[in-house]
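# Residue-level structural notes
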Amino acid sequence: MRLRVAAGAPAALKVLAAAGAAAAPVRLVWSGPVERPLAPLSPPWVPSLELDSGTILFSPNAICQFFFLARGEEPTDLTNQWLEWEATELQPAASAALYTQLVHGKKGLEAVEALGKLLAHIEQNLSRRGTAYLAGDTKSVADVVVWGTLFPVLQDETSLPTELQALRTWFQSMTLSEACRKAADSVLMPRALLEFKSYLQKQPPPSLAMQRATSNEPEEEEGSERALTEEEITAAADAWACGAAGLPKPWQPQKPVLPVEGMRNVLITSALPYVNNVPHLGNIIGCVLSADTFARYCRLRNWNTLYVCGTDEYGTATETKAVEEGLTPQEICNKYNAIHADIYHWFDISFDYFGRTTTPYQTTIAQDIFQRLLARGFLLQDTVEQLRCEDCQRFLADRFVEGTCPFCSYEEARGDQCDKCGKLINAVELKNPQCKLCKGVPVVKPTQHLFLDLPKLEERLEPWLEQSWASGDWTANARYITRSWIRDGLKPRCITRDLKWGTPVPLDGFRDKVFYVWFDAPIGYLSITANYTDQWERWWKNPQQVELYNFMAKDNVPFHSVIFPCSLLGAEDNYTLVNHLIATEYLNYEDGKFSKSRGVGVFGDMAKDTGIPADIWRFYLLYVRPEGQDSAFSWSDLMLKNNSELLNNLGNFINRAGMFVCKFFGGAVPNMVLTLDDKRLLARVTLELRQYHQLLEKVRIRDALRCILSISRHGNQYIQVNEPWKRIKGDEKDRQRASTVTGVAVNMASMLAVLLQPYMPGVSLAIQEQLCIPPDCFVLSHNFTCTLPPGHRVGTVSPLFQKLENDQVEALRKRFGGGQPENLAVEPQAKQTPPASEPPPAPATVMAPGDPQLIQELTEEVAKQGNHVRQLKANKAEKAQVDMEVAKLLELKKQLALAEGKSPEVPVPKGKRKK
């Protein structure tokens, strides 16, 4: 193989480092920028690899991947996601930063300003996973590629923000590795860099358009900081003068809501919550609350909108929960469906219908789709080896088996996927498998199953995906995850299970089986709609008139972007397929994880007992919505945002505007004579209003909330500058100014009531009642109009928000912190070692023996801590540090013994159970 690279070219860095790391047998050829490249279409300075077969690779990332593949290292899904992210987001920004450094001469943090969010993304992922490298505990091609892109920009240590500790550690580790060090010494020679700089100076500045094209980012306006044009000011004043007549008339659909010819018909679903789990804050923001906010916005736009959801009730987990609680599966479903419905009602989720999957319609529709797939040859039959627990007398679903990953040797891999390396696994491939229900050792037994022929459906899926991506708004993570699934070709997926609780398979030879939940559950959207209206097909078999939005957390993406669409495409029944797939990242709790069994984190059934109103919860969860990367709920931040953004900013402005009307003008909106400054304010508010629309149309819910807060800040500043409370005591000119400022301010408050409705419906209603806003004005427009004209009478104005006190918040933090030691409550991360004299942590809570979820979690923690101790010993760590970690391990084992109902003095048995 012949590898041609140019000294000084940043792209050469990653390929040389990859060649060194993979020990690739290449013949190196150095070239200059004026030499003709190996590949005719390859630009100067870009490396090329000529294979022995004559094939030429000229994509740096493809070259890097080739080297690692040649060494036998297959990329995982996680590795592929990093490579896609590097190519579509990091590379364009890094190129711009390098151009700024070399051509404009900028240094340090100023030069890497464009990389801020991208560096934070790497930091957050390294910290959350607790791994040394991007895709696990061993170096992969993703590490080399990302390092190679960053190093030319960050080689000056002052460029790397000090607070990004995990990133700094990873970056330094990569830089000091032999392959990367040699590549940097070879490529980034001073003379060569001067030649490269001379080349760059002749080129236009790099564009970041590529980065925008792969995300669901709207084309943003420059925002409120730019100068206003005379045309904008005039247009804003004209729109204001139109008053309520300039608003569209609110439209109310008939019940049941059905598609209407000529209207925008929006069908919204949120991922069906599994019935036997009480949703925590992360579940709520990831699905139902995000979808509810968008549904409310759609209705305010007069779009014909249907929002459906319900509980996913079939599957092994329901059977197991029923056994635990001594109920039948149906009784368990009835119990928890009511719990879910009560939680969502308290959070003011505006479902048009909240249903469930255990209905006759679910059976009818699922079996019809199955029969259509069968008739068209999209189902396969095969004998599979499956794990069966003889003690439990059942075949084990994937989630009830765990063992050692056959690919990366992670000791706690699930039966369907390894959380560490990301590879999909067949449960029988696990080493040392264990039944999670009884801790017994399962045996492999043959059983007949049916498979969805995804390879055969792939030729239908890919054109549909390209069309949906081109015309719809898919979040970046949804695109990444989907591409990673189809990149290497799809495999047949089993759609049946040896269970009793589920939709029965209507085929001879399989009538003792049920549909696997991942095949069955998405069909719940259709059956839930059918329970809402017998005309459900007008929504679900009408792609010409209906736009479908799916809301979910990122772990649900493949089922909605690949498997469910394949089922519907294969059924050939004109089904409505997803146009916009909106996936969030994860919400953590105080940088840790939620755990119901240990009392860590706020769950839906607990929120209303905190004394904090539902709208405050809605506001904060939407404020920290994990749109681009994981985020965390923080009690301190909740208090800060409530007291600053809601109480001092938004609430303060709306209250003052209403109070001035009552106090100075007898409760009637005064006359207004607009000056040029007032008209400028109208134009500024109009820009924010249009940005709000632009963002919400792209389902950037969190960012649109900032527009609301920005408008109220403009209002507060407007009041402070004009001081109507002083001017009302002055001469006629001053009183007129006070009159105008008060009238404009109260109309801004009226508009804010409408903008707030998707986020805080209760607060929005309170403002509407206090200001007596006419119902016909409760509709969204792209213009800021005078909806409360002179003479309009307001009602009694009172404060909208209450201050959260530090003592109150600290009490809640302790109440929901579970009293857990850090290594129990938080995912493994780099932590400071406590002093050797510190005693081992006390048991967190009084534990009821026999709780399977608690036993499972403690078992996992014992295994993790045991691995940590073994690693410390292998690395010959200091004895004091080892002793401290051993003490933690013993304490965990003690808690596990208590949870299992055993004496804590008796060691927990090790090894496999004997049959």
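Scroll up a little and you will see the structure.
Report follows, based on the coordinates. Being a predicted model, the structure only gives us computed values, none of them experimental.

### Let's talk about the overall build of the protein chain
Of the regular secondary structure elements, the protein chain holds 34 helices and 20 strands. Put simply, 78% of the contacts in the protein chain that link residues at least 6 apart link residues at least 24 apart.

### Overview of the pairing of strand β17 (residues 546–553)
For β17, a buried count of seven out of eight residues is recorded, marking the element as mostly surrounded by other parts of the structure. Two elements, strand β5 (residues 265–270) and β17, share six bridges in a ladder whose sense is parallel. Residue pairing in the sheet places serine 270 in a bridge with phenylalanine 551 of β17. As paired strands, β17 and strand β18 (residues 580–584) are joined by five bridges and run parallel to one another. Of the residues in β18, the one forming a bridge with asparagine 550 is leucine 581. Viewed along the sheet, the connection from β17 through helix α22 (residues 557–571) into β18 turns out right-handed.

### Structural notes on the side chain of serine 350
For serine 350, the position within the fold is in the loop between α15 (329–346) and β7 (353–356). For serine 350, a relative accessible area of 15% gives the class buried. Of the polar contacts made by the side chain of serine 350, one reaches the side chain of arginine 299; its length is 2.8 Å. In contact with serine 350, other than residues within four places in its own chain, are Asp292, Arg296, Arg299 and Tyr307.

### Digging into the packing of aromatic side chains
Counted according to the given criterion, the structure contains 33 aromatic pairs. Measuring from ring centre to ring centre gives 6.1 Å for tyrosine 297 and tyrosine 692, while their planes differ by 75 degrees; the resulting arrangement is edge-to-face. Here tyrosine 297 is found in helix α13 (residues 288–300), whereas its partner tyrosine 692 is found in helix α26 (residues 676–697), with 395 residues between them in sequence. A residue is classified by how much of its surface remains accessible, and tyrosine 297, at 0% relative accessible area, is buried. When its relative accessible area of 0% is taken as the criterion, tyrosine 692 is described as buried. Each ring, one from tyrosine 620 and one from phenylalanine 633, has its centre 5.5 Å from the other, and the planes form 85 degrees; the classification is edge-to-face. Residue tyrosine 620 is located in helix α24 (residues 614–623), and its partner phenylalanine 633 is located in strand β20 (residues 631–633); the two are separated by 13 residues in the primary sequence. Accessibility expressed as a relative area gives 1% for tyrosine 620, which makes it buried. Here phenylalanine 633 falls in the buried class, since its relative accessible area comes to 0%. Grouped by ring-pair contacts, the aromatic residues Phe294, Tyr297, Trp303, Tyr549, Phe551 and Tyr692 constitute a single cluster.

### So, the nonpolar core
Judged by nonpolar contacts, the single largest core of 180 residues is most densely connected at Ile268, Ile369, Trp635, Tyr692 and Tyr759. Ignoring any residue separated from it by four or fewer positions in sequence, one finds tryptophan 635 in contact with Tyr589, Glu590, Val602, Ile612, Trp617, Val809, Leu812, Arg813 and Phe816. Counting residues in each nonpolar core, the second largest holds 58 residues, with Phe68, Leu119, Phe171 and Val187 among its members.

### A look at the sheet that holds strand β2 (residues 27–31)
Taken together, four strands build an open sheet; the order of strands is β2-β1-β3-β4 and the sheet is mixed. Edge strands, defined here as strands with exactly one partner in the open sheet, are β2 and β4 (56–57). Sheet topology note: the strand β1 (residues 2–6)/strand β3 (residues 48–50) ladder contains three bridges and is antiparallel. Across the sheet, arginine 2 pairs through a bridge with glutamate 50, a residue of β3. Against the sheet, helix α2 (residues 60–70) touches β1, β3 and β4, its axis set at about 45 degrees to β3.

### Some thoughts on helix α11 (residues 230–242)
Across its 13 residues, α11 extends 19 Å between first and last C-alpha, which sits within 8% of the 18 Å expected from 1.5 Å per residue. Listed as buried for α11 are Ile233, Ala236, Ala237, Ala239 and Trp240. Down the axis of α11, the buried side of the element spans an arc of 165 degrees, and every buried residue falls inside it. Away from its buried face by more than 90 degrees, α11 exposes Glu230, Glu231 and Ala241. Contact partners of the buried residues in α11: α26 and α29 (732–756).

### Looking at the packing of helix α6 (residues 141–154) against helix α7 (residues 165–176)
Direction vectors running N to C along α6 and α7 enclose 95 degrees, while the axes themselves pass 10 Å from each other. Classed by the angle they form, the pair α6 and α7 counts as roughly perpendicular. Of the residues in α7, those in contact with Asp143, Val144, Val146, Trp147, Leu150, Phe151 and Leu154 of α6 are Trp170, Phe171, Met174 and Thr175. For the contact of α6 with α7, the per-class residue count stands at nine nonpolar, one polar and one charged.

What counts and what doesn't
Position labels on residues start from 1 in each chain and follow its written sequence. Only residues with pLDDT of at least 70 get local features here, since the model is predicted, and only at 80 or more are side-chain atom pairs given and counted; chain-wide, interface and lining totals rely on the full set of residues. Working from all heavy atoms in the structure, the side-chain values ignore hydrogens and water. Strands are runs of DSSP state E lasting at least 2 residues, helices are runs of H or I lasting at least 4, and numbering of each runs from the N terminus. The contact criterion used is simple: two residues touch if any of their non-hydrogen atoms lie within 4.5 Å. Burial here depends on accessible area, computed with a 1.4 Å probe over protein chains only, as a share of the maximum for the residue type. Under 20% is buried, over 50% is exposed, and the range in between is partly exposed. Pairs of strands are assigned from DSSP output, requiring at least two bridges between the strands. Looking down the strands as they point away from the viewer, one classifies a crossover as right-handed if the path from the first strand across the helix to the second runs clockwise. Polar contacts, as used here, are pairs of N or O atoms within 3.5 Å; protein pairs need one atom able to donate a hydrogen and one able to accept it. Residues neighboring in sequence count only if both atoms are side-chain atoms. Think of it this way: a Phe, Tyr or Trp ring, Trp meaning its six-membered ring, pairs with another when their centres are within 6.5 Å, and the plane angle makes it stacked under 30 degrees, edge-to-face over 60, tilted otherwise. Only buried residues count toward a nonpolar core, which is a set of Ala, Val, Leu, Ile, Met, Phe, Trp, Tyr and Cys residues joined through side-chain atoms within 4.5 Å. Structural elements are reduced to axes, namely lines fitted to C-alpha atoms, with helices fitted over the stretch in contact, and the angle between N-to-C directions of any two is expressed from 0 to 180 degrees. Helix span is expected to be 1.5 Å times the residue number reduced by one. Throughout, the arc means the angular range of directions from the helix axis out to the C-beta atoms. Here roughly perpendicular refers to angles of 65 to 115 degrees, roughly parallel to angles under 35, roughly antiparallel to angles over 145, and oblique to all remaining angles. Residues are grouped as follows: Ala, Val, Leu, Ile, Met, Phe, Trp, Tyr, Cys and Pro are nonpolar; Asp, Glu, Lys and Arg are charged; every other residue, Gly included, is polar.

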